[in-house]
Amino acid sequence: MTASKQKSVQTMKPETAAKKLGVLFSATPAEFQAGVVSRDELNELQSKPPAWLTDLRRNGPHPKQVIAAKLGVSISGLIRGGITGPLTTAEIEALKADNPEWLERERSIQAETRKEAVRLKQR
């Protein structure tokens, strides 16, 4: 007869949890930043986000990967366009409305990259 092993609780740094939640770590509440986050807590935050998380996801400030996705460009494209820090949703919407030349160029590069990836996958 084998003894059942006690299942250990998986935890992660709050920086990792913030990245998985798609929010900027420095904008999260102090109590979130101070502790560790278990896998169960992360799942709970994803399924039933508290008000602070909903607000951060809606209004920002957003991390680079979220900004890039909202603008339809790569993270490298953001940097080439001079965007190096977090942006709020309002700032992202203003950029979309202004549609600067670099944004158009980076969107076309991203579209070509995606088309090429699809083409290669179909081979």
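The structure contained in this document is the topic of the report that follows. Just so it is clear, the model here is predicted, and its values are computed rather than measured.

**Brief notes about the overall build of the protein**
- Tallying secondary structure elements over the protein gives eight helices and two strands in all.
- When the helices and strands of the protein are placed in sequence order, the string is β-α-α-β-α-α-α-α-α-α.
- Relative to the 2.2 N^0.38 estimate, which gives 14 Å for 123 residues, the radius of gyration of the protein is 19 Å and therefore markedly larger than a compact globule would have.
- Taken over 123 residues, the protein has a buried fraction of 30%.
- A total accessible area of about 8,400 Å² is found for the protein, and carbon and sulfur atoms account for 53% of it.

**Side note on the side chain of glutamine 110**
- In this structure, glutamine 110 sits in helix H8 (residues 101-121).
- Excluding residues within four positions of it along the chain, glutamine 110 makes contact with Gly72, Val73 and Ser74.

**Focus: the packing of helix H5 (residues 64-71) against helix H7 (residues 89-98)**
- In the contact formed by H5 and H7, the axes pass within 10 Å of each other and the chain directions differ by 35°. As for how H5 packs across H7, the hand of that crossing is right-handed. Contacts between H5 and H7 involve Ile67, Lys70 and Leu71 on the former and, on the latter, Ile92, Leu95 and Lys96.
- Classifying every residue of the contact of H5 with H7 gives four nonpolar, no polar and two charged.

**Regarding the environment of valine 37**
- By the secondary structure assignment, valine 37 is in strand S2 (residues 37-38).
- The spacing of valine 37 and alanine 18 is 19 residues in sequence and 9.7 Å in space, taken between C-alpha atoms.
- Each residue touching valine 37, except ones within four places of it in the same chain, is listed here: Gln10, Thr11, Met12, Pro14, Ala17, Phe32 and Leu42.

**Observations regarding unusual backbone geometry**
- In this structure, proline 61 follows glycine 60 across a cis peptide bond, with omega equal to 10°.
- Relative to the helices and strands, proline 61 resides in the loop between helix H4 (51-59) and H5.

**With respect to the packing of helix H1 (residues 14-21) against helix H3 (residues 39-47)**
- Their axes nearest at 11 Å, the elements H1 and H3 cross at an angle of 30°. Our classification of the angle between H1 and H3 gives roughly parallel. Of the two possible hands of crossing, H1 and H3 adopt the one that is right-handed. Contacts between H1 and H3 involve Ala17, Lys20 and Leu21 on the former and, on the latter, Arg39, Leu42, Leu45 and Gln46.
- A breakdown of the residues in the contact of H1 with H3 according to their chemical character gives four nonpolar, one polar and two charged.

**Side note on H5**
- Buried within H5 we find Val66, Ile67, Ala68 and Leu71.
- Tucked into the core, H5 has its buried residues touching helix H6 (75-80), H7 and H8.
- Glycine 72 occupies a position one or two residues after H5 and carries a positive phi of about 75°.

**Thoughts on the packing of aromatic side chains**
- For the structure on display, the rule yields one aromatic pair.
- Ring plane angle 55° and centroid distance 5.3 Å describe the contact between phenylalanine 32 and tryptophan 52, whose orientation is recorded as tilted. Taken together, the residues phenylalanine 32 in helix H2 (residues 30-34) and tryptophan 52 in helix H4 connect sequence positions 20 residues apart.
- Under the relative-accessibility criterion, tryptophan 52 is labelled partly exposed at 25%.

The rules behind these values
Residues numbered from 1 in each chain as written. Predicted model: local features only at pLDDT ≥ 70, side-chain atom pairs only at ≥ 80, totals over all residues. Heavy atoms only, no water. Helix = DSSP H or I, 4+ residues; strand = E, 2+ residues; numbered from the N terminus. Rg over C-alpha atoms; globule rule 2.2 N^0.38 Å. Buried < 20%, exposed > 50% of the residue type's maximum accessible area, 1.4 Å probe, protein only. Areas by Shrake-Rupley, 256 points an atom, 1.4 Å probe, with all protein chains shown as cover. Contact = heavy atoms within 4.5 Å. Axes fitted to C-alpha atoms, helices over the stretch in contact; angles between N-to-C directions. Left-handed = near helix turned anticlockwise from the far one by under 90°. Nonpolar A, V, L, I, M, F, W, Y, C, P; charged D, E, K, R; others polar. Parallel < 35°, antiparallel > 145°, perpendicular 65-115°, else oblique. Phe/Tyr/Trp six-rings, centres within 6.5 Å; stacked < 30°, edge-to-face > 60°.

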